[in-house]
Every structure is written in structure tokens, then in C-alpha cells.
Amino acid sequence: MDYFLELFLGGLTRGSIYALIALGYTMVYGIIELINFAHGEIYMIGAFTALIVISVLTLMGMNTIAILVIAGVVAVIYSCAYGYTVEKIAYKPLRNAPRLSALISAIGMSLFLQNYVLLAQTSDFLPFPSLIPDFEFMEPYAHIIGSTEIVILITTAVVMVLLTILIKFTRIGKAMRATSQDKTMAMLVGINVNRVISVTFVVGSATAAIGGVLIASHVGMINFYVGFIAGIKAFVAAVLGGIGSIPGAVLGSFVLGWTESFATGYVSSDYEDVFAFLFLVLILIFRPAGILGRSEKHKI
Amino acid sequence: MITFDEIKKAFLVSIWFMFLTFPIMVIRVNPVEHIVEWRWKNMLVVGIGSFLLSFVWNYLMKRKELGFKKAESGEETGTIPLVQRILGEKKIYIPALVVAGIFTIAFPFIFSLYQTNIMVSALIYVMLGLGLNIVVGLAGLLDLGYVAFYAVGAYAYALLNYHFGISFWIALPIGGLLGATFGILLGFPVLRLRGDYLAIVTLGFGEIIRIILENWNEFSFGPSGIANIPRPSLFGINLSVHESTIYIYYIMIALCLFTVFVVNRLQDSRIGRAWIALREDEVACQAMGIDKTKTKLTAFSLGATWASMAGVMFAAKTTFVNPASFTIWESIIILCIVVLGGMGSIIGVIAGALVLILMPEYLRAFSEYRMLAFGVLLVVMMIFRPGGIIPNVRRVYTFQGVKNTDKS
């Protein structure tokens, strides 16, 4: 039973992190119908920035909690800046181009950012310090769930709530929903669509950065390539839940997290990625719109 | 010409990029030894570089907008690109073809073994590019797992040879058929998907095949791969390494010519026009009575056939296969070839493959920047020249008037 619980909670943690990244995909897709392939790289840059800040501050001799907060904030700021710039360079000029063009441009951006980090930093795996202290009250449950995992779960929940509030109750959230329904109409009622798209990218990047810092301190190491696989997995999660739908992305992430966790726990760990992709293929065959997505009807 | 506003803007851009690249470019950390290295020189480079590039970017953007305006006001935009115009002129085109032909035939005797070897790899990529061109360029299905079929071909030859001692010439058609089968197998589930879903599912398939090859030791010998694959035989004559490289070179040339011939004929055939129609508008295409399922499946399986044959060739050339040769980046390089050359344009894809594969070989000093450059290339090409270096010219039917045959 303990093993089952461990796998269950492991899947939940994994799912939370996928959810943080998947939100960015799903929000961007909801608004401009583009798979932001570079999203995984934004997450990787967030983690790298955090690592750099942590290393510099540790040398200066600050205490751990302060370092954690500063690193998190800087990582979020830089990820947002990268997300914003990527949108302006690679996607904005292609807003009216065929979808294939925008998709290829996104792949190019992803390739560029990976190699940019590879060349400017290193191709080796770098150890990422675990900054989250072990909580004393967690001691009796340590064999099932660690402190880092608890922090991940709580952070994810908080981010989800904040995001829901942003989209449901604020002015910009309203504008976002309007834009995702009908871009032209939104423009006609006076919404600055370009600004809405920028904000969407920035918000998506921010959640990805939070995910990046959390997963890096959970796994304990990063390299330039971590963003790609995590990005694809998160995308799979977003599709599972129904792309464009925010609750769907969260649900899809948990389902994917559990699938992987149980499959590796009970079957084999060699084929971890295979399970994720097989699951995606099956979902797309039997329910192409995803778990919570609505199937579109095309008007001709 | 350059106004004060533009300079101000470029200045702001350069400040922004200096801020953006600060942690990654300037600081390099070594968390193991707790060393932090500050590289202020990089910041200067980024600042000046982005300052200058912002002018280039603005200039190109302006030109692009000008092009749009021209198209809107209906001015002559249908200027045929230079290369295509040359190809249209028989007087230039036939001698050029003859010279190119003689050069290709004489190539292995003029240049060294090393050069011939590089040329063979470039030709393999020409074949892969032409195959992917069917899927992406003609049918408009973005396939990011194309390398899976390449792997199928390579492993088909390697394994058939290992277990049953089957020779290259029998493995080549078997590999092709196997590729076609895999193409259909992969095609079925993804038929209902639109562009972006398709991209991610094919990417997933590519990774699945690679992971299986890596982990299923009993079947594929795992990451260590299969060695000692025989080179192609020539009627049982024993060839030295040098001779067999030349021999492979000629086989490759023949295969490429065959590919060009087939793709060229396909393009103008009923099925080829169905692909193009499908690419342009699925709904309209179905309304015209085109069977979507059949059309997509043929595109997939034909594309896969070429990839598998290229894979058999690859195994025969390197005499060694392992899963590391079939990563997702290989798929992306092939995609780069098609995009750079011009989607749907045969001559463009050939040019694209030769440029992208030969250039890094001769610019060894820059080889680590290769993937970085490919990334920039994909973005820049899509924004400023979506048609590629040698864009495909759309077939235009001109009304040539009614011939007065019956004068009675």
C-alpha cells in the first residue's frame, strides 16, 4: 500500500509540474492557435537563470531562504522577458501567415534557444542545489513524500488559484477570453489584441519559470536539453485535457503524471517516454478533442 | 536615410537584449567548484550586434510590407524567380544540365575519397529531403518523426543481413516496402489530426521507435548497435574500400535521379494534384470528391518509402547502425532542408540539402554553431522568404486561344 501511495503522490508531483508548463501551452493555443514549441525552452532558461543567481548569491554568503526567493523572482522576470521577446520576434510577424509557417518558426526558435544556452553555458549536467529545507513535521511521512514535493504541490495549487482569478475576474482576463473567442470581434470592441497576446505569453512564461525552478530543485540537476522533453510532455498533457482549456490542462497533467508514475513503478522504467506518447496517440484516436475539450464544428 | 527615431529605437533594442542575455551570456557558473566567471566582453558583443541587427531587421520588415502593398494594389508581383526563369530557357538549361551531369559523373575521380564520402552523405540527405518534400511540401502534413522511417530502413538491412545474410540489393526493395507499411501504420491513427497535432504525434512516434531500438536489446542490440554490415556487392566482385565508396556514390546518384524522376512525375499526376489541393484546403478538397484518407495515406507511405531506402543506403555506407543516428534532430535537419530549399520545389530541396550538409563540413570552425544557425534559419526563412531559396512555381494554365483547325 505504501508503494502505491508513493507512486500516487509521485505522479501527483510530476503532474503538478507538467501542469505549470502545460498552462502556458494551453493559454497560448487558446488565443492564437499556435503550439509554442519554444515554451519548454523558456522553462529551461528560467531554471538556468535561477541556478546562476543561486550560485552568485551563495558565493556572496546569503541565507538560503533569501536566496530561494530572489532566485525565484529573477527567474520569473527573465522567463517573462524571454517569452515576450520570442513572441515579438518569431510569432508576431507571422500572425497572418499559414499555420505551418508559424509552427516551423516556433521549432526554429526552440532550436535556437537550446543551442544559445548550450554555447553560452555548458553541455554538461549542472547540479542544482536543493534549497527547500526538510520540514520537521514531515518526518513521519518521509518514506512516502519529501518536503520538496509538498512545496511543489502547494505552489502549484496557489498558482492555479491565482491564474483562475486572473482569467475569471480581472479586466485583462476578460480581454483574454474575448480574444480567444474571436480575435477580429475583440479588436472591434476596442481590445488591444497585440497587448493581450503579449500578456498571455508573459503569464505563461511566468508559470513555466516557477515550474522550472521547482523541478530543478526536485530533480537536482539541469542541462540545456531539459526543456525540450519536459515541454513535449507538458504539451501531451495539454492535448490530453483538451488544448485551449485551462482546467483541462491541469487534469491532463495529473492523468499523465499518474500514468507515467504507475507505468514506471509497475512495468518498466526504460519505456517511460513511450507510455506518455502511446497515451497521447490513443487519446487522439478515440477522443481527438481531449478529455475536457469540446469538439469543434467547422462552418463552411 | 536613417532617422534619429530609428537610432533611438535600435539603441533601446540593444539595451533590451543586453539585459535579456545578461545572466546566460555574461555569467558562467561552475556549481561544483563554486567558481563564477564574468564575461563582460560578451555583453558588449551582444549590445553592438543587436544594435546593428535591428537596422537589418527593420529594413527587411519594410521590404516585406512593401511587397504586401504591391500585392494588394495588384501591381506585377508574379515575377518568376531567376533560377526558374533560367530553367525555362532551353538554351541555357540544356548545356547547364550537361555540364552538371559530367561533373557528377567525374566527381569521384577528381576529388579524394574523403570528399566522395561527404558527397554520398549529402546525397542521402537529398533523398531524404525529396521524400519529406512529398509529405510536407506537397501534402502539407508536418511530419516531425520522419527519421523513424530512416531508422526502419537502416535497421531492416542491418537485421536482415545479420540474421539471414540478405544482401543489399534484396534489402533495398524490402526496406522500401517495410517503410511504406510503417508509413501506413503511422498514417492511420493520425489521419484525423490537424497540422499541429500531427506534428506532435509524429514526433512522438519518432521518439518511440528510437527508445524501442535503444532498450529492446534482444531485438536491436541496444545502444551499441549493429556493426559489420556489408557494403553493396557488384556481381560478386570483391571491391576495396575506395572502390566501393565510388560504387556507392554512383548508386546514390542513380537513386537520387530515380527519386527526382518519380517525385516529378507524381507532382503532376492525379494524386500529386490531390495532395496540393489537400494542402490548400481540406474541406474544399473533400467537396471536390477527393478521398482524404487515401490521399493522406499515400503521401505518408510514399514519403516513408524514400526514407527507408535512404536508411538502407545509410547502413550500407557506414556499415554500422545504432539508435544515436536517429534522433529528433535528424528529423529537424531534414525539415530545414525542405524549408530552406523551398517547400514543394524539387530543385530547391536538392540545393537546400547540398548547402546545409556540405557547408558545415567545409566550415569546420563553425560546426558548433551549426544547430544555432539552423534555428535562426528556420525563423528568418519563415518570416522573410516562406517560399525558400528556390520557390516552387505554381503551375499556371494559360489560355492559348482556339486553334482554327477546321477552316471549311
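Conventions adopted
Residues numbered from 1 in each chain as written. Chains lettered and ligands numbered in written order. Predicted model: local features only at pLDDT ≥ 70, side-chain atom pairs only at ≥ 80, totals over all residues. Heavy atoms only, no water. Helix = DSSP H or I, 4+ residues; strand = E, 2+ residues; numbered from the N terminus. Buried < 20%, exposed > 50% of the residue type's maximum accessible area, 1.4 Å probe, protein only. Areas by Shrake-Rupley, 256 points an atom, 1.4 Å probe, with all protein chains shown as cover. Domains from an automatic or database assignment. Expected span 1.5 Å × (residues − 1). Salt bridge = Lys/Arg side-chain N within 4 Å of Asp/Glu carboxyl O. Axes fitted to C-alpha atoms, helices over the stretch in contact; angles between N-to-C directions. Parallel < 35°, antiparallel > 145°, perpendicular 65-115°, else oblique. Contact = heavy atoms within 4.5 Å. Nonpolar A, V, L, I, M, F, W, Y, C, P; charged D, E, K, R; others polar. Patch = residues over 30% accessible without salt bridge, like charges linked within 9 Å, V, L, I, M, F, W, Y side chains within 5 Å. Lys, Arg positive; Asp, Glu negative; His and termini not counted. Charge placed at Lys NZ, Arg CZ, Asp CG, Glu CD.

1. Examining the overall build of chain A
Here comes step 1: Tallying secondary structure elements over chain A gives 11 helices and 2 strands in all.
Here comes step 2: Reading chain A from its N terminus to its C terminus gives the helix and strand order α-α-α-α-β-α-α-α-α-β-α-α-α.
Here comes step 3: When its C-alpha atoms are laid out on the principal axes, chain A stretches across 60 × 45 × 40 Å.
Here comes step 4: Counting across all 300 residues of chain A, residues that qualify as buried make up 56%.
Here comes step 5: Counting only carbon and sulfur atoms, one obtains 66% of the accessible surface of chain A, whose full area is about 12,500 Å².

2. Examining the domain arrangement of chain B
Here comes step 1: What the domain assignment lists for chain B is domain 1 (4–73) and domain 2 (83–384).
Here comes step 2: Each of domain 1 of chain B and domain 2 of chain B has a C-alpha centre, and the two are 36 Å apart.

3. Overview of helix 8 (residues 193–219) of chain A
Residue and element names in this part refer to chain A.
Here comes step 1: Its 27 residues place the ends of helix 8 38 Å apart at the C-alpha level, agreeing with the 39 Å of an ideal helix rising 1.5 Å per residue.
Here comes step 2: With respect to burial, helix 8 is a largely interior element, 20 of its 27 residues being buried.
Here comes step 3: Count one or two residues on from helix 8 and you reach Gly220, which has phi positive near 95°.

4. Brief notes about the pattern of salt bridges
Residue and element names in this part refer to chain A.
Here comes step 1: A complete count under the given rule lists 10 salt bridges over all chains for this structure.
Here comes step 2: For the salt bridge of Glu87 with Lys88, the shortest nitrogen-to-oxygen distance reads 3.4 Å.
Here comes step 3: Assessed through its relative accessible area of 1%, Glu87 is described here as buried.
Here comes step 4: Residue classification places Lys88 among the partly exposed positions, given a relative accessible area of 29%.
Here comes step 5: A network of salt bridges, in which partner residues are shared, links Arg14, Lys233 and Glu260.

5. So, the packing of helix 6 (residues 113–138) of chain B against helix 15 (residues 328–341) of chain B
Residues and elements named next belong to chain B.
Here comes step 1: For the pair helix 6 and helix 15, interaxial distance at closest approach is 9 Å and the crossing angle is 75°. One way to sum up the angle between helix 6 and helix 15 is to call them roughly perpendicular. Across the interface between the two elements, Tyr125, Leu128, Gly129, Leu132, Asn133 and Val136 from helix 6 touch Glu330, Ile333, Ile334, Leu335, Ile337 and Val338 from helix 15.
Here comes step 2: Considering only residue class, the contact of helix 6 with helix 15 consists of 9 nonpolar, 2 polar and 1 charged.

6. What about a positive patch on the surface?
Residue and element names in this part refer to chain A.
Here comes step 1: Judged by side-chain charge, Lys168, Arg171, Lys174, Arg177 and Arg195 come together as a positively charged surface patch.
Here comes step 2: With 3 residues, helix 6 (residues 171–181) is the largest single contributor of residues to the positive patch.
Here comes step 3: As for its position among the elements, Lys168 is in helix 5 (residues 147–169).

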